Amino acid sequence: MPELPEVEVTRRGIAPALIDHTISHFVVRFPRLRTPVSPEFAHLRDLPVTSVDRRGKYIIIRTGSGSALIHLGMSGHLHLVSPDTPVIKHDHIDIVIAGGPVIRFNDQRRFGLFEWFPGNRDPLADPRLLKLGPEPLEDSFTGKALHERLSRSRTAVKKALMDNEVLVGVGNIYASEVLFASGISPFRKACEVTERECAILVKNIREILEKSIARGGTTIHDFSGSDGSPGEYVSELRVYGKKGQPCPVCGAPIEHAVLSRSSYYCPRCQK
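Starting from 1, residues in each chain are numbered consecutively following that chain's sequence as written. Local features are withheld for residues below a pLDDT of 70 in this predicted model, meaning they are given only at 70 or higher, and side-chain atom pairs are given and counted only at 80 or more; totals for whole chains, interfaces and linings count all residues. With hydrogens and water set aside, each side-chain value is computed from the structure's full complement of heavy atoms.

Turning our attention to the overall build of the protein. Within the protein, the regular secondary structure consists of six helices and ten strands. With C-alpha atoms as the basis for the radius of gyration, the globule rule is written as 2.2 Å multiplied by the number of residues raised to the power 0.38. By the compact-globule yardstick of 18 Å for 271 residues, the protein fits well, its C-alpha radius of gyration being 20 Å. Taken along the three principal axes of its C-alpha coordinates, the protein extends 60 × 35 × 30 Å. Exposure classes here rest on a 1.4 Å probe applied to the protein chains alone. A residue is buried below 20% of its type maximum, exposed above 50%, and partly exposed in between. Buried residues in the protein amount to 52% of all 271 residues. For helices the rule is a DSSP run of H or I covering at least 4 residues; for strands it is a run of E covering at least 2, with both sets numbered from the N terminus onward.

Printed below as a string of structure tokens:
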């Protein structure tokens with residue numbers, strides 16, 4: 001599932017084609033996603049785009065008439081293609097830019113989201129976005145802020161880091177990598193992690209997410225950026241997916257456990 005780096009890579013990829021340009025119209029071929037596509041998209045015309053933002057794993061395209069809220073779901077992609085590019089299976093929605101390329105939404109599992117918010121409704125006020133935790137790349141996200149949130153939870157710290165109400169965007173892959181870099185066992189109770197350790201976690205969360213964004217995200221199965229290129233950060237993963245391989249620090253075999261989802265860790269380095 002695309003996480004914060006992959007969504008941010010997508011946002012940065014499509015933003016130059018949209019900002020200060022006009023969306024001519026939308027083409028909705030298949031409206032029956034997990035959440036039905038807002039019917040307004042079929043009738044929208046000539047929308048000047050003012051910004052392309054991200055909140056958590058949601059992309060927000062703001063126009064003079066309202067905003068499109070987009071979620072990639074489990075397998076969605078937004079690709080920039082020329083207007084004459086043939087449509088393939090699972091190409092559900094086109095964002096047609098006047099005089100420019102098409103942004104094509106392909107979603108094999110159909111778990112994505114396309115929702116329209118008229119000008120008098122702000123997507124950030126939607127309950128799904130209101131409950132989201134802090135953005136880990138913002139300056140306001142500090143060790144103290146993370147400690148305050150983790151101290152309320154008795155669940156495993158790996159699960160807590162993946163909870164979007166604690167903070168957004170640290171999904172399964174990145175949680176494993178961050179905990180390894182921080183020397184913290186994924187099984188420890190979140191409330192037992194100290195403020196000093198939280199400062200280390202915040203540092204590593206920022207570094208790992210920013211490195212992944214710079215490398216185009218992480219492609220394990222089928223993620224690709226707006227130009228169709230896979231994410232290259234997969235080559236820098238140190239523990240995720242490496243069960244039985246030697247730890248890059250101490251040489252002990254990397255172990256695997258299920259904490260909601262697959263978790264990888266070094267039993268020697270992560271106490």
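Further remarks concern the pairing of strand β9 (residues 255–259). By definition, two strands form a pair when at least two bridges between them are found by DSSP. Bridging between β9 and strand β10 (residues 261–265) involves five bridges; their strand directions are antiparallel. Residue L259 lies in a different strand from β10, and its bridge partner there is R261. Between β9 and the antiparallel strand that follows it, β10, lie one residue; S260 among them carries a positive phi value of about 70 degrees.

A sheet is described by the order of its strands in space; here eight strands give the open sequence β5-β7-β6-β1-β2-β3-β4-β8, paired in antiparallel fashion. Of all strands in the sheet, those bounded by a partner on one side alone are β5 (76–81) and β8 (113–118). Neighbour to neighbour, the strand axes of the sheet diverge by 30 degrees on average, direction disregarded. The contact criterion used throughout is that any non-hydrogen atoms of two residues lie within 4.5 Å. In this description, a line fitted to the C-alpha atoms serves as the axis of each element, helices being fitted only across the stretch in contact, and the angle between N-to-C directions of two axes falls anywhere from 0 to 180 degrees. Contacts from helix α1 (residues 4–18) reach β1 (22–28), β2 (45–55), β3 (58–63), β5, β6 (91–97) and β7 (102–107), with the element oriented near 150 degrees to β2.

The next thing to look at is the pattern of salt bridges. Should a side-chain nitrogen of Lys or Arg be within 4 Å of a carboxyl oxygen of Asp or Glu, the pair is scored as a salt bridge. Applying the stated criterion across every chain yields a total of 17 salt bridges. Put simply, R54 and E135 hold a salt bridge, and the shortest N to O gap is 2.8 Å. Of this pair, R54 sits in strand β2 while E135 sits in the loop between α2 (127–130) and α3 (143–150), placing them 81 residues apart in sequence. Residue E135 is classed as buried on the basis of its relative accessible area, which comes to 6%. Among the salt bridges present, the one from E232 reaches R215, with a minimum N-O distance of 3.5 Å. One end of the pair, E232, is in the loop between α6 (195–214) and β9; the other, R215, is in the loop between α6 and β9, with 17 residues separating them in the sequence.

Let us look at α1. With 15 residues, α1 should cover 21 Å at 1.5 Å per step; its first-to-last C-alpha distance of 20 Å lies within 8% of that length. With respect to burial, α1 is a largely interior element, twelve of its 15 residues being buried. For α1, every residue scored as buried is listed here: L4, P5, E6, V7, E8, V9, T10, R11, I14, A15, A17 and L18. One or two positions beyond α1, positive phi appears at D20, with a value near 65 degrees. Expected helix span is taken as 1.5 Å per residue step, with the number of steps being one fewer than the number of residues.

The subject of this paragraph is the layout of surface pockets. For each structure, a 1 Å grid was placed over the protein atoms alone; sets of points admitting a 1.4 Å probe that cannot get out are labelled cavities, open sets with protein on both sides within 12 Å along at least five of seven lines are labelled pockets, and lining residues have an atom within 4 Å of a point. Grid points are joined across faces, edges and corners, and a volume is the space filled by probe spheres set on the points. Approximately 190 Å³ is the volume attributed to the second largest pocket. Around the second largest pocket sit M1, R34, T35, K57, Y58, H71, G73, M74, F111, G112, L113 and R128, which together line it. Considering only residue class, the lining of the second largest pocket consists of five nonpolar, four polar and three charged. Three residue categories are used. Nonpolar comprises Ala, Val, Leu, Ile, Met, Phe, Trp, Tyr, Cys and Pro, charged comprises Asp, Glu, Lys and Arg, and polar comprises the others, including Gly.

A word on the packing of α3 against α6. Axis separation between α3 and α6 bottoms out at 8 Å; the angle between their running directions is 115 degrees. For the pair α3 and α6, the crossing hand works out as right-handed. Residues G143, K144, L146, H147 and L150 of α3 pack against E195, C198, A199, L201 and V202 of α6. Residues belonging to the contact of α3 with α6 are distributed by class as follows: six nonpolar, two polar and two charged. Take the far helix as the reference: if the near one is turned anticlockwise from it by less than a right angle, the crossing is left-handed, and if turned clockwise, right-handed.

On to the packing of α1 against α6, then. Two elements in contact, α1 and α6, have axes separated by 9 Å at closest approach and are oriented at 40 degrees. With respect to α6, the element α1 is oriented oblique. Handedness of the α1/α6 crossing: right-handed. Counting all contacts with α1, which are made through L4, P5, E6, E8, V9 and R12, the residues of α6 involved are L209, S212 and I213. Its residues assigned to classes, the contact of α1 with α6 shows five nonpolar, one polar and three charged. Just so you know how the angles are binned, under 35 degrees is roughly parallel, over 145 roughly antiparallel, 65 to 115 roughly perpendicular, and the rest oblique.

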